[in-house]
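# Architecture and fold: a report
Each chain, letter by letter, is given below.
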Amino acid sequence: MSDVERNLKAIYERIKNACIACDRSPSEVRLMLATKTNPAERIIEALKCGETLIGENRVQELVAKADALSGWPIEKHMIGHLQSNKAAKALDHVTCIQSIDRMSIAERLNTLLAKREKQLDVYLQFNTSGESSKFGFDPNEAVSVAREIAQFEHLKIKGVMTIGLLVPEPVLSRSSLRDLRIIYDRLNEEAIPGIDLQEISMGMSTDLEVAIEEGSTMVRIGTDIFGKRETPPGIFWNENDPSREAPI
Ligand SMILES: *Cc1c(COP(=O)(O)O)cnc(C)c1O
């Protein structure tokens, strides 16, 4: 058994146990492979185990791995901050962008999609941890943001997404995860025309149990499947870090 296969088994065990602990069915929680920095061969080890959903942070990586992954029946989402000048390229590779973190990127994508006469599933990313290094809309503006983005005809809002407070002790991230669930419920109550929320995307290697308890329907796991990454997480999250564009 490969390490990836073993790790996947362990993750499913954790998902199952977390669901049991809060009376949910494990079938309510999808597993997304967070594949950043991992080469296609490594990802394919997981696909051989039956995985079908992957999330990438960077357009460069989507492009670099596209050929090697092309024969696999997978769904690819963008889960990292998307720069405007890479938006068109991203659209060539993904069926959903979870990281709609500012109005300008929503506008840009809508314009590009109009030209292509296409629609795209998107999730709204909220900064529920209050950390300045995180991207995402202010939770207090959730309703107005959702109303505005719902006007973009080519974007279909299908979910909400957050990166919980990243601390070694997962109990401390609970309120940042709970806040996303509150946003989800609030948006559903508003019943905004054109919005059909289906997913609450939250939970990573360290906080998947808490995220499931707080209502996650999609956990995004990297480290505990593929192993520890060399690259510090800051380069994926901090807008002001000049090394963000460094090749991997
Ligand atoms: C890296 C990443 C993950 C997975 O994080 P791990 O701690 O490696 O499991 C999930 N979501 C996003 C947006 C990420 O960038």
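Scroll up to find the structure this text is about.
Right, let's walk through the structure included here. (Residues numbered from 1 in each chain as written. Predicted model: local features only at pLDDT ≥ 70, side-chain atom pairs only at ≥ 80, totals over all residues. Heavy atoms only, no water.)

## Some thoughts on the packing of aromatic side chains
In this description, an aromatic ring pair is defined by two values, namely the gap between the centres and the angle between the planes. Under the definition given, this model contains 1 aromatic pair. When the ring of Phe-126 is compared with that of Phe-137, the centres are 6.2 Å apart and the planes differ by 55 degrees; the resulting orientation is tilted. Of the two residues, Phe-126 sits in the loop between β5 (120-125) and α6 (142-150) while Phe-137 sits in the loop between β5 and α6, which places them 11 residues apart along the sequence. By the burial criterion, Phe-126 is buried, and Phe-137 matches it. (Phe/Tyr/Trp six-rings, centres within 6.5 Å; stacked < 30°, edge-to-face > 60°. Helix = DSSP H or I, 4+ residues; strand = E, 2+ residues; numbered from the N terminus. Buried < 20%, exposed > 50% of the residue type's maximum accessible area, 1.4 Å probe, protein only.)

## Re the packing of α6 against helix α7 (residues 174-190)
Direction vectors running N to C along α6 and α7 enclose 55 degrees, while the axes themselves pass 10 Å from each other. Here α6 lies oblique to α7, going by the angle between them. The interaxial crossing formed by α6 with α7 has right-handed handedness. Within the contact between the two elements, α6 uses Ala-142, Val-143, Ala-146 and Arg-147 and α7 uses Ile-183, Arg-186, Leu-187 and Glu-190. Considered class by class, the residues forming the contact of α6 with α7 number 5 nonpolar, no polar and 3 charged. (Axes fitted to C-alpha atoms, helices over the stretch in contact; angles between N-to-C directions. Parallel < 35°, antiparallel > 145°, perpendicular 65-115°, else oblique. Left-handed = near helix turned anticlockwise from the far one by under 90°. Contact = heavy atoms within 4.5 Å. Nonpolar A, V, L, I, M, F, W, Y, C, P; charged D, E, K, R; others polar.)

## What about the site of the ligand?
Lining the immediate environment of the ligand, one finds 13 residues, of which Lys-36, Asn-57, Ser-205, Thr-223 and Arg-229 sit closest. Thr-223 is positioned such that a nitrogen or oxygen atom in its side chain is 2.5 Å from an oxygen atom of the ligand. Within the side chain of Arg-229, one N or O atom sits 2.8 Å away from an oxygen atom of the ligand. Isolated, the ligand exposes 380 Å² of accessible area, and the fraction of that covered by the protein chains is 96%. Considered class by class, the residues forming the shell around the ligand number 6 nonpolar, 4 polar and 3 charged. (Near = heavy atom within 4 Å. Polar contact = N/O pair within 3.5 Å; in protein donor to acceptor, adjacent residues only side chain to side chain. Areas by Shrake-Rupley, 256 points an atom, 1.4 Å probe, with all protein chains shown as cover.)

Coordinates in, geometry out; function isn't part of it.
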